[in-house]
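# Chains, contacts and geometry: an overview
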There are 2 protein chains.
Amino acid sequence: MLMSNYEKIKTDVSHISQLTKQLAKDDPRRIVHSIKVGFAITLVSLFFYFDPLYEGLGMNAMWAVLTVVVVFEFSVGATLGKGVNRGLATIIGGMSGFGAHRLSSLSGDKLEPFFLGFSVFITAGVTTFMRFFPKVKARFDYGLLVFILTFCLICVSGYRDDQVIDMAHRRITTILIGSSTAVIVCLIICPVWAGTDLHNLVSTNILTLSLFFQGFGIEYFKTSLDITPSDDEIEDNKSSLQAIKSVLNSKNNIDTLLNYARWEFRHGRFKKGHPWTQYQKIGELVRNCACRAEALHSFLYSQGQAPNEVKAKFLEPCMKMSTESGNCLSELSMAIKKMNKPSKAKPHLQNAKQAVQNLNVLLTANIWKNLNLSDVTPVATVAKLLADVVACTEDIAEAVQELASLAKFKDAKEKTKVAPQIEKTKVAPQIEKTKMANNQGSIKRRPHANHVILIETSSPTSSPRISVPKDPPSLAMAQQAAE
Amino acid sequence: MLMSNYEKIKTDVSHISQLTKQLAKDDPRRIVHSIKVGFAITLVSLFFYFDPLYEGLGMNAMWAVLTVVVVFEFSVGATLGKGVNRGLATIIGGMSGFGAHRLSSLSGDKLEPFFLGFSVFITAGVTTFMRFFPKVKARFDYGLLVFILTFCLICVSGYRDDQVIDMAHRRITTILIGSSTAVIVCLIICPVWAGTDLHNLVSTNILTLSLFFQGFGIEYFKTSLDITPSDDEIEDNKSSLQAIKSVLNSKNNIDTLLNYARWEFRHGRFKKGHPWTQYQKIGELVRNCACRAEALHSFLYSQGQAPNEVKAKFLEPCMKMSTESGNCLSELSMAIKKMNKPSKAKPHLQNAKQAVQNLNVLLTANIWKNLNLSDVTPVATVAKLLADVVACTEDIAEAVQELASLAKFKDAKEKTKVAPQIEKTKVAPQIEKTKMANNQGSIKRRPHANHVILIETSSPTSSPRISVPKDPPSLAMAQQAAE
């Protein structure tokens, strides 16, 4: 009994320590943040240790500790927002509370409690209702809370203690000291900027989609390409669904970061007046596109797949739409990350749109007469959805372009223009190796991004050709099928 | 100049008052909540007005006011959660703070400040890191904050004031008084239950989807049915997209309500141990389905629609899949709302699945040889997506069934079984009127829900027939086309 309890505790402890390691590894800034909070609180506690300050502010000094604990948030924007909210609300609430106290003392001893009670009731009620206004809630929710608090404390405690001005003055001073300590520590030691996080989150979301679309084509057509999916690949695919879901559910995160980012001033590469709201717009379009990705994902392993020979007819335009949309999104993500103009995305978008036209031409061609419509429908649906994805990609590209001109992104540097070509050649042998490894039955992790190289485009306007690594028969077959 | 300022202020004021009215109208509980908060704060302020209590708790009484302001939340669950968090954290924090203070006083006068500073630093740092654990954050985030606060205040102020126990005792008492005042007022005056809200939100989300699918069929095939869309309908459709988007973005809302609902005890129709997490599962599946709805929506007015004669061939199975999925979802939504077993949803699901089979039969039929594939693809894609919607609907139905057995929903009452039939006959003439109004060019609001009546199913297993209101030629044509 005792032994099993001991075992259980041991498992629990190891589970918690594993989780802790994972949390710290996922974002090491969490550890830094914890240290910063500990440091700021210890710093403010000095107000109690050292006599002169203690004498000046008295027991109110504990408000400074309280303020640091409450105001200190993960990002600079959140801390600034809370600090400013708390500071301003304390000043306004203190003054209104004092005003209400003065007015009520004029009304005579008997009426005073009623007058005070009434003003507390009305102020608390109206302010609480104001917290329901969406725009007010987004920026000033905490401020309104502190306003009610300060108003009530000053107004009501004033009834007992006639040194209201003195109390208000002390409370305001300590809270300002606490707020500024929190803001300064948050700002000086490894600051975390909500704006940067927002910027990166949107860029990462686009990258997630790009990886999915770059891999989708080969994933869907692999039976035509004679590739057997390994367990690992199926696992990969499940995790890619998770990634898409996280993109779909990112709205709340983006909105929160946007609210914080608005409080932040110029930092790093972000100037004052950076068009933060544009990220919200891009986020919305990216979620739209993620919806299509989820719908496409459900067709990956669904029952009633089209026969290989039918799939093969669709291979070329579908692969191109999927891969080129993926490439375009990848370039857009990179452009946001590096704050370059998204000029390199355009050729890929052109290719993708060309593929949509190719698809339309293919559909009007005279090769379907001998086919059963039920065989064609599954892959035609995928093709149509991919065409829809191209439209979504175009919307995203426009929104990113708008962001680039609003935020005055720079032109991409010359040297990076050559990079993709080299990268492609570098990656090419790798997929061959992976294929061989797969054929030998060994399991090797093959990231989706590698699939990109399957279709190479020599120039934006020329038609694509499928690159054939030396003599893998399946790919040669795929090329034949596509022609 | 003065005049234009005056005008501007007038517009602003009228805008704000309009917004206020809207907020109050959307959810009248907001006004009740504001009054409750005002009342609770005024109530607690009595601690200051009346002498005996004031003498007992001293200036610490303001902690009671502070607690009410901070703890009082919109729903019972949130208030209970915050109250319990604050109460427990204050007790634990107070005791640990006292312990740290005792230990440090043993270490001698010189070492004491260092020891205290160190313990504050470590406690604040470790506790702050604990707030990153997702499960801890969901339930105890506020408690950890209050723990740091109380620990620091007791530990540090104790260094000055040797009446630590007395202070801890007062702080704990006042906070318990404040918390319980908040909880009691929140609970007694028109309580808002997060659990009920969660229950209704999930039910409403399903209803939103059901309305979309019930309307989608006629919306998509109306060119075949020779119905010209009015401006009003296009407006309708835009708002239905907004509704779908709100379903897609409901994850955060559901998660928050779930966290609150867990704090609540038995209330209304919800027993202790109600399977709240099942709502999260259903919410996830509903969002999946909403993704398909959004993809389908993009095909409604897209370029390159299929010709009417091709659409007409798909009309019957597509209308049935769309409408019957909608009906099934509508029944599921109703079953959740009324807490009945979702038995009435099954026949609709059967019909929808039958329609999927009909679609497959149709696709293998020999009627496509003379058609251009590019004409067929758009509508075939819609059909495939609708088949996917039927699969999603089945998943939702299973999850709702699971909820029904976990929460022991009752059998639906006999009388409601007849209701839909009556409803259908009642609605039938209405659509005819609307059609006539449309033909006369007048604009009349036509809710999507009315479209339901177009396909009536006499029994779950029999094939559907399209109901024909007396002699509107377009519908007769549609029937011919479907046969």
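The numbering scheme is per chain: residues are counted from 1 as the chain's sequence reads. To read the labels, note that chains go from A and ligands from 1, taken in the order they are written. Selection of residues for local features in this predicted model requires a pLDDT of at least 70, selection of side-chain atom pairs for listing and counting requires 80 or more, and totals for whole chains, interfaces and linings are taken over all residues. Note: side-chain values were computed over all heavy atoms of the structure, leaving out hydrogens and water.

### Brief notes about the packing of helix H9 (residues 194-221) of chain A against helix H13 (residues 308-338) of chain A
Residues and elements named next belong to chain A. Definition in use: Here an angle of 0 to 180 degrees is reported between the N-to-C directions of two axes, which are lines fitted to C-alpha atoms, with helices fitted over the stretch in contact. Strands here mean DSSP runs of E at least two residues long; helices mean DSSP runs of H or I at least four residues long; both are numbered from the N terminus. Each angle receives one of four descriptions, namely roughly parallel if under 35 degrees, roughly antiparallel if over 145, roughly perpendicular if within 65 to 115, and oblique otherwise. Each crossing is labelled by how the near helix is turned from the far one, with a counterclockwise turn of less than a right angle marking it left-handed and a clockwise turn marking it right-handed. All amino acids are sorted into three groups, where Ala, Val, Leu, Ile, Met, Phe, Trp, Tyr, Cys and Pro are nonpolar, Asp, Glu, Lys and Arg are charged, and the leftover types, Gly among them, are polar.
Viewed as axis vectors pointing N to C, H9 and H13 meet at an angle of 165°, and their least axial separation amounts to 8 Å. In terms of axis orientation, H9 runs roughly antiparallel to H13. At the point where H9 passes H13, the crossing takes the left-handed sense. Considering only residue class, the contact of H9 with H13 consists of 16 nonpolar, 12 polar and two charged.

### What to know about the relation of the copies chain A and chain B
Rules: To superpose the copies, least squares is applied to the C-alpha atoms of every residue with a pLDDT of at least 70 in both. Working rule for contacts: check all heavy atoms of both residues, and any pair within 4.5 Å makes them a contact.
Placing chain A over chain B gives an RMSD of 0.1 Å and needs a rotation angle of 180°, together with 0.0 Å of translation along the axis. These values place the two chain copies in the arrangement generated by a two-fold rotation axis. Ranked by how close their C-alpha atoms come to the rotation axis, the residues of chain A are headed by Thr 381 of chain A, at 2.2 Å. Most of the interface of chain A is mirrored in chain B, where 98% of its interface residues are also at the interface.

### Side note on helix H8 (residues 164-188) of chain A
Helical geometry: 3.6 residues make up each α-helical turn, so side chains three or four residues apart lie on a common side. Stated precisely, the cut-off is as follows: Every helix has an expected span of 1.5 Å times one less than the residues it contains.
Between its terminal C-alpha atoms H8 of chain A stretches 36 Å, which fits the 36 Å expected from 25 residues at 1.5 Å a residue. Cys 190 of chain A sits one or two positions beyond H8 of chain A and adopts a positive phi of about 35°.

### What to know about the UniProt feature "transmembrane region" (unreviewed entry) in chain A
Residue and element names in this part refer to chain A. Definition in use: UniProt positions are given in the numbering used here, feature names are shortened, and annotations may be inferred rather than shown by experiment.
Within this structure's numbering, the places UniProt gives as "transmembrane region" (unreviewed entry) are residues 31-50, 62-81, 114-134, 140-160, 172-194 and 200-221. Spanning residues 62-81, this segment combines 80% helix with 0% strand, and its end C-alpha atoms are found 22 Å apart. Here residues 200-221 is 100% helix and 0% strand, with 32 Å between the C-alpha atoms at its ends.

### So, the state of the cysteines
Just so we agree on the cut-off: Cysteine sulfur atoms that pair up within 2.5 Å are treated as a disulfide. For the exposure calls, accessible area comes from a 1.4 Å probe over protein chains only, and a residue counts as buried if that area is under 20% of its type's maximum, exposed if over 50%, partly exposed in between.
Going through the model one piece at a time under the given rule, you end up with one disulfide over all chains. Here Cys 291 of chain A engages in a disulfide with Cys 291 of chain B; their sulfurs sit 2.5 Å apart. Negative torsions about the S-S bond denote left-handed disulfides, and the value of about -105° found for Cys 291 of chain A with Cys 291 of chain B makes this one left-handed. Separated into two different chains, Cys 291 of chain A in helix H12 (residues 276-300) and Cys 291 of chain B in helix H12 (residues 276-300) make up a pair that spans both. With respect to class, Cys 291 of chain A is no different from Cys 291 of chain B; both count as buried. Between Cys 190 of chain A, a cysteine without a disulfide, and Cys 186 of chain A, which holds the nearest cysteine sulfur, the sulfur-to-sulfur distance is 11 Å. Looking at Cys 190 of chain A, the relative accessible area reads 48%, which means it is partly exposed.

### As for the packing of aromatic side chains
Counted only if it meets this: Side-chain rings of Phe, Tyr and Trp, where Trp is taken by its six-membered ring, are said to pair if the distance between their centres is within 6.5 Å; with planes under 30 degrees apart they count as stacked, over 60 as edge-to-face, and otherwise as tilted. The criterion is that NZ of a Lys, or CZ of an Arg, lies within 6 Å of the ring centre and within 35 degrees of the ring normal, and then a charge sits over that ring.
Enumeration over the complete set of coordinates arrives at 25 aromatic pairs over all chains. Measuring from centroid to centroid gives 5.7 Å for Trp 193 of chain B and Phe 265 of chain B, while their planes differ by 80°, and the two rings are edge-to-face. Placement of Trp 193 of chain B in the loop between helix H8 (164-188) and helix H9 (194-221) and of Phe 265 of chain B in the loop between helix H11 (251-261) and H12 is noted, with a sequence separation of 72 residues between them. Ring pairing ties together the aromatic residues Phe 212, Phe 213, Phe 216, Tyr 220 and Phe 221 of chain A, which thus form one cluster. Just above the ring of Tyr 142 of chain A sits the side chain of Lys 82 of chain A; from NZ or CZ to the centre is 4.8 Å. Note that Lys 311 of chain B overlies the ring of Tyr 220 of chain B, its terminal NZ or CZ placed 4.2 Å from the centroid.

### So, unusual backbone geometry
Here Cys 190 of chain A, not a glycine, exhibits a phi torsion of approximately 35°, which is positive. For Cys 190 of chain A, the position within the fold is in the loop between H8 and H9. Of note in this structure, Met 339 of chain B is not a glycine but carries a positive phi near 55°. Locating Met 339 of chain B in the fold gives a position in the loop between helix H13 (308-338) and helix H14 (345-364). The buried category is assigned to Met 339 of chain B, whose relative accessible area is 10%.

### Overview of the pattern of salt bridges
Under the convention used in this document: Salt bridge criterion: a side-chain nitrogen from Lys or Arg within 4 Å of a carboxyl oxygen from Asp or Glu.
All told, the structure shown has 32 salt bridges over all chains when counted by the stated rule. Linking Glu 331 of chain A and Lys 344 of chain A is a salt bridge whose minimum nitrogen-to-oxygen distance equals 3.9 Å. Residue Glu 331 of chain A is found in helix H13, and its partner Lys 344 of chain A is found in the loop between H13 and helix H14 (345-364); the two are separated by 13 residues along the sequence. The partner of Arg 29 of chain B in a salt bridge is Asp 197 of chain B, and the shortest N-O contact between them spans 3.0 Å. Of the two residues, Arg 29 of chain B sits in helix H2 (residues 29-49) while Asp 197 of chain B sits in helix H9, which places them 168 residues apart along the sequence. By relative accessible area, Arg 29 of chain B is classed as partly exposed at 30%. The class for Asp 197 of chain B is buried, based on a relative accessible area of 19%. A cluster of three or more residues bridged by salt bridges with shared partners is formed by Lys 245 and Glu 294 of chain A together with Glu 284, Arg 287, Arg 292 and Asp 388 of chain B.

### Considering a positive patch on the surface
What counts here: The patches described consist of residues with a relative accessible area above 30% and no salt bridge, like charges being joined within 9 Å and nonpolar side chains (Val, Leu, Ile, Met, Phe, Trp, Tyr) within 5 Å. Per-residue and other accessible areas were derived by the Shrake-Rupley procedure at a 1.4 Å probe size, with only the shown protein chains allowed to occlude residues. Charged residues are defined narrowly, with Lys and Arg counted positive, Asp and Glu counted negative, and His plus the chain ends left uncounted. By convention, charge coordinates are those of NZ in Lys, CZ in Arg, CG in Asp, or CD in Glu.
Together, Arg 266, Lys 271, Lys 408 and Lys 410 of chain A line one region of the surface with positive charge. Tracing the chain through its elements places Lys 408 of chain A in the loop between helix H15 (373-406) and helix H16 (414-439).

### What about the confidence of the model for chain A?
Residue and element names in this part refer to chain A. Stated formally: The predictor's confidence in any single residue is recorded as pLDDT, a number from 0 to 100.
Looking at chain A, the pLDDT average stands at 79 and 78% of residues meet or exceed 70. For chain A, strand E2 (residues 465-466) is the element with the lowest average pLDDT, namely 32, and helix H11 (residues 251-261) is the one with the highest, namely 92. Taken as a whole, residues 415-483 scores under 50 in pLDDT and shows 80 contacts with residues more than four places along the chain or in a different chain. With pTM at 0.81, the complex prediction returns an ipTM value of 0.79.

### Focus on the interface of chain A and chain B
Bring the parts together and some accessible area is lost; that lost area is often taken as the interface size. Rules: What counts as buried area is the accessible surface, traced by a 1.4 Å probe, that two parts surrender upon association, with contributions from both included. Definition of a polar contact: a pair of N or O atoms within 3.5 Å, with one able to donate and the other able to accept a hydrogen when the atoms are protein atoms, and with sequence-neighbouring residues admitted only if both atoms are side-chain atoms.
The interface of chain A with chain B comprises 81 residues on the first partner and 81 residues on the second. Counting each side, the surface lost to burial between chain A and chain B is near 7300 Å², with a carbon and sulfur contribution of 73%. Along the contact surface separating chain A from chain B lie four salt bridges. Among the salt bridges present, the one from Arg 292 of chain A reaches Glu 294 of chain B, with a minimum N-O distance of 3.6 Å. Here chain A and chain B share 11 residue pairs in polar contact (both at pLDDT 80 or more) between them. With 13 residues, helix H2 (residues 29-49) of chain A is the single largest residue contributor to the side of chain A that touches chain B. Here the side of chain A that touches chain B is built from residues that sort into 48 nonpolar, 21 polar and 12 charged.

### Some thoughts on the side chain of Ser 119 of chain B
Residue and element names in this part refer to chain B. Note on placement: Ser 119 falls in helix H6 (residues 112-130). Taking the relative accessible area as the measure of exposure, Ser 119 reaches 13% and is therefore buried. Sequence-distant contacts of Ser 119, defined by excluding residues within four places in its chain, comprise Ala 100, Phe 151 and Cys 155.

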